[in-house]
Amino acid sequence: MVILKRILIIILKIFSIICIIALFLSYASAYISPDKYKFWIIAFFGLLYPIILLANIILSIIWLILRKWMLAYHLFAIFIGWYFMTAQFQYSGKKYDSNFKEDYIKIISYNVRNFGLYNYNKKDWSYNTKHRDSIFHFLSIQNADIICFQEFVNVNNKLFKTVDTLVSFLKTSHIHAEYSVTTIKNNSFGLATLSTYPIISGGKITFPGNTNNFCMYSDILYKKDTIRIYNLHFESIHLSKEDYKFAEELSKEINLLNNEKIEHHSKQIFSRIKEGFIARAGQVDIIVKHILQSPYPVILCGDFNDTPCSYTYHKIAKLLKDAFVESGSGLGTTYAGIFPSFRIDYIMYSNNFKSLGFTTFRVKYS
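**Q** What exactly am I supposed to notice about the overall build of the protein here?
**A** Helix and strand content of the protein: 11 helices and 12 strands. Counting only residues that meet the buried cut, the protein has 45% of its 366 residues in that class. In the protein, once contacts between residues fewer than 6 apart in sequence are set aside, the share between residues at least 24 apart is 72%. Accessible area for the protein stands at about 20300 Å²; split by element, carbon and sulfur atoms hold 58% of it.

Rendered as structure tokens:
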């Protein structure tokens with residue numbers, strides 16, 4: 001019995017060492033560019049940070065119960081990464097007070113996934129506007145001063161108007177939109193920034209390679225000051241419908257999947273995630289250079305497609321404050337798909353501003 005206990009302790013120690021090393025590698029992923037040499041491997045540790053952190057916390061509890069010194073190593077590894085923990089979870093945010101005396105601008109960043117454009121009714125092939133109308137209703141209630149849309153679409157069809165409809169009921173009547181794709185039906189896909197205040201200039205920042213992702217900036221006249229609003233969408237993972245279906249099947253019916261199918265889709269998903277890491281590393285370097293040259297205070301909204309424990313996030317977080325970290329609460333998760341623990345959407349800003357009342361709304365309209 002004593003020998004068995006010693007063996008179990010040794011196995012537990014080995015597992016602890018592996019988890020501690022993995023935790024430090026997840027921290028390293030924020031500082032090492034995935035497009036350098038073979039360092040994209042480290043980026044996967046950053047992606048898995050919440051799981052690795054949880055494993056270290058559970059092991060800490062086990063070592064506490066066993067009253068072993070291994071507990072100290074886990075605690076050291078966990079708390080040295082406090083910066084990453086606060087980017088994932090906040091205890092209590094700075095709430096907006098209606099008696100707030102200073103100037104207040106309400107901003108929304110929203111990946112609307114084309115307003116559900118392709119969720120059409122197959123019986124009569126008319127557009128199903130359920131998702132679009134749900135998003136419109138949500139926006140009308142929020143009454144924001146500035147709205148940044150990712151995966152925006154301007155539809156040339158009277159049954160599915162977007163731009164004209166938004167202008168008709170929102171106070172954000174000034175629109176700056178940039179597109180990367182226009183179909184033969186004249187449906188344009190890209191980014192759009194809507195503002196209550198005049199948009200006096202702006203531009204588009206393209207990324208190298210064969211990608212539809214890009215960034216745009218809009219210079220907004222607020223009273224006597226000019227504010228630069230960046231609206232961006234970094235490289236997507238580009239998972240196919242088959243990949244999503246496989247992930248759902250894997251989580252529910254793993255025993256019904258054959259090994260060949262598991263291997264094929266696993267390699268495919270792994271490859272696409274890897275390519276995304278590498279592409280975003282180059283894209284974020286371009287944006288950082290542009291921000292450093294901005295003559296105006298900056299507010300940045302966007303879908304990063306990357307977590308707070310990533311090179312992409314860290315590069316921008318060195319320049320700008322994170323609204324969730326400054327005034328959010330609870331878990332900061334924003335992704336509503338098959339990986340529900342991820343925070344990939346952000347609002348960040350220069351030191352000229354302060355953040356109050358950051359909120360992630362748990363709605364699944366897009």
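**Q** I'm lost on the packing of helix α1 (residues 2-28) against helix α2 (residues 40-47) in this one. Help?
**A** For any two helices packed against each other, one specifies the inter-axial angle together with the distance between the axes. The contact between α1 and α2 brings their axes to 7 Å, and the two run at 105 degrees. What the angle tells us is that α1 and α2 run roughly perpendicular. Across from Ala-22, Leu-25, Ser-26 and Ala-28 in α1, the residues of α2 making contact are Ile-42, Phe-45 and Gly-46. Taken together, the residues of the contact of α1 with α2 sort by class into 5 nonpolar, 2 polar and no charged.

**Q** Is there a simple way to think about α2 in this case?
**A** Side chains three or four residues apart in an α-helix point the same way, a direct result of the helix having 3.6 residues per turn. Of all 8 residues making up α2, 6 are buried, and the element is well covered by its neighbours. Every buried residue belonging to α2 is among Trp-40, Ile-42, Ala-43, Phe-44, Gly-46 and Leu-47, and all of these are buried.

**Q** Looking at this structure, how should I read the sheet that holds strand β4 (residues 174-182)?
**A** The strand order across the open sheet built from 4 strands is β2-β3-β5-β4, with neighbouring strands paired in mixed fashion. Lying at the two open borders of the sheet, with one neighbouring strand each, are β2 (107-111) and β4. Going across the sheet, the axis of each strand differs from the next one's by a mean of 15 degrees, ignoring polarity. Inspection of the sheet shows β2 paired to strand β3 (residues 146-154) by 5 bridges, in the parallel sense. From the neighbouring strand, Ile-108 faces β3, where its bridge partner is Ile-147. Across the face of the sheet, helix α6 (residues 130-142) comes into contact with β2 and β3 while running at roughly 170 degrees to β2.

**Q** So what exactly am I meant to see when it comes to the packing of α1 against helix α4 (residues 70-79) here?
**A** At a closest axis distance of 10 Å, the pairing of α1 and α4 adopts a crossing angle of 15 degrees. It follows that α1 is roughly parallel to α4 by the angle criterion. For α1 against α4, the interelement crossing comes out left-handed. Contacts between α1 and α4 involve Lys-13, Ser-16, Ile-17, Ile-20, Leu-23, Phe-24 and Tyr-27 on the former and, on the latter, Met-70, Tyr-73, His-74, Phe-76, Ala-77 and Ile-78. A class-by-class count of the residues in the contact of α1 with α4 yields 10 nonpolar, 2 polar and 1 charged.

**Q** Just to check I follow, could you spell out the pattern of salt bridges for this structure?
**A** Pairing between side chains becomes possible if they bear opposite charge and their charged atoms approach one another. One pass over the structure, following the stated rule, counts 8 salt bridges. Here Asp-145 and Lys-171 are joined by a salt bridge, their closest N and O atoms 3.0 Å apart. Placement of the pair is Asp-145 in the loop between α6 and β3 and Lys-171 in the loop between α7 (163-169) and β4, with a sequence separation of 26 residues. Asp-145 sits in the buried class, given a relative accessible area of 9%. Asp-164 serves as the salt-bridge partner of Lys-161, at 4.0 Å between the closest nitrogen and oxygen. Overall, Lys-161 belongs to the partly exposed group, its relative accessible area being 27%.

**Q** What is the right way to look at a nonpolar patch on the surface in this model?
**A** Together, Leu-75, Phe-79, Trp-82, Phe-89, Tyr-91 and Leu-331 line one region of the surface with nonpolar side chains, adding up to about 650 Å² of accessible area. Tracing the sequence through the fold places Tyr-91 in the loop between β1 (89-90) and β2.

**Q** Quick question: what am I supposed to make of the packing of aromatic side chains here?
**A** How two aromatic rings sit relative to each other is given by the distance of their centres and the angle of their planes. Using the criterion set out here, one finds 26 aromatic pairs in the structure. Aromatic side chains Trp-40 and Phe-44 sit 6.3 Å apart centroid to centroid with 75 degrees between the ring planes, which places their arrangement in the edge-to-face category. A residue pair is termed a helical-turn pair when its members lie 3 or 4 positions apart in one helix, as Trp-40 and Phe-44 do in helix α2 at 4 residues. Note on Phe-44 and Phe-277: the rings are 5.1 Å apart at their centroids and 85 degrees apart in plane angle, and the pair reads as edge-to-face. Placement of the pair is Phe-44 in helix α2 and Phe-277 in helix α9 (residues 259-292), with a sequence separation of 233 residues. The exposure classification of Phe-44 matches that of Phe-277, with both residues buried. One aromatic cluster is present, formed by Phe-24, Tyr-27, Tyr-31, Tyr-49, Phe-76, Tyr-83 and Phe-84 through successive ring pairs.

**Q** What am I meant to see in the environment of His-176 here?
**A** Positionally, His-176 belongs in strand β4. You can call His-176 buried: its relative accessible area is 12%. Along the chain, His-176 and Thr-193 lie 17 residues apart, while their C-alpha atoms are 5.3 Å from each other. When near neighbours in sequence (up to four residues on either side) are disregarded, His-176 contacts Leu-191, Ala-192, Thr-193, Ile-199, Gly-202, Gly-203, Met-216, Tyr-217 and Ser-218. One polar contact links His-176 to Glu-178, side chain to side chain, over a distance of 2.9 Å.

About the thresholds
Residues numbered from 1 in each chain as written. Predicted model: local features only at pLDDT ≥ 70, side-chain atom pairs only at ≥ 80, totals over all residues. Heavy atoms only, no water. Helix = DSSP H or I, 4+ residues; strand = E, 2+ residues; numbered from the N terminus. Buried < 20%, exposed > 50% of the residue type's maximum accessible area, 1.4 Å probe, protein only. Contact = heavy atoms within 4.5 Å. Areas by Shrake-Rupley, 256 points an atom, 1.4 Å probe, with all protein chains shown as cover. Axes fitted to C-alpha atoms, helices over the stretch in contact; angles between N-to-C directions. Parallel < 35°, antiparallel > 145°, perpendicular 65-115°, else oblique. Nonpolar A, V, L, I, M, F, W, Y, C, P; charged D, E, K, R; others polar. Pairing = 2+ DSSP bridges. Left-handed = near helix turned anticlockwise from the far one by under 90°. Salt bridge = Lys/Arg side-chain N within 4 Å of Asp/Glu carboxyl O. Patch = residues over 30% accessible without salt bridge, like charges linked within 9 Å, V, L, I, M, F, W, Y side chains within 5 Å. Phe/Tyr/Trp six-rings, centres within 6.5 Å; stacked < 30°, edge-to-face > 60°. Polar contact = N/O pair within 3.5 Å; in protein donor to acceptor, adjacent residues only side chain to side chain.

It is worth stressing that arrangement in space is one thing and function is another; only the former is reported here.
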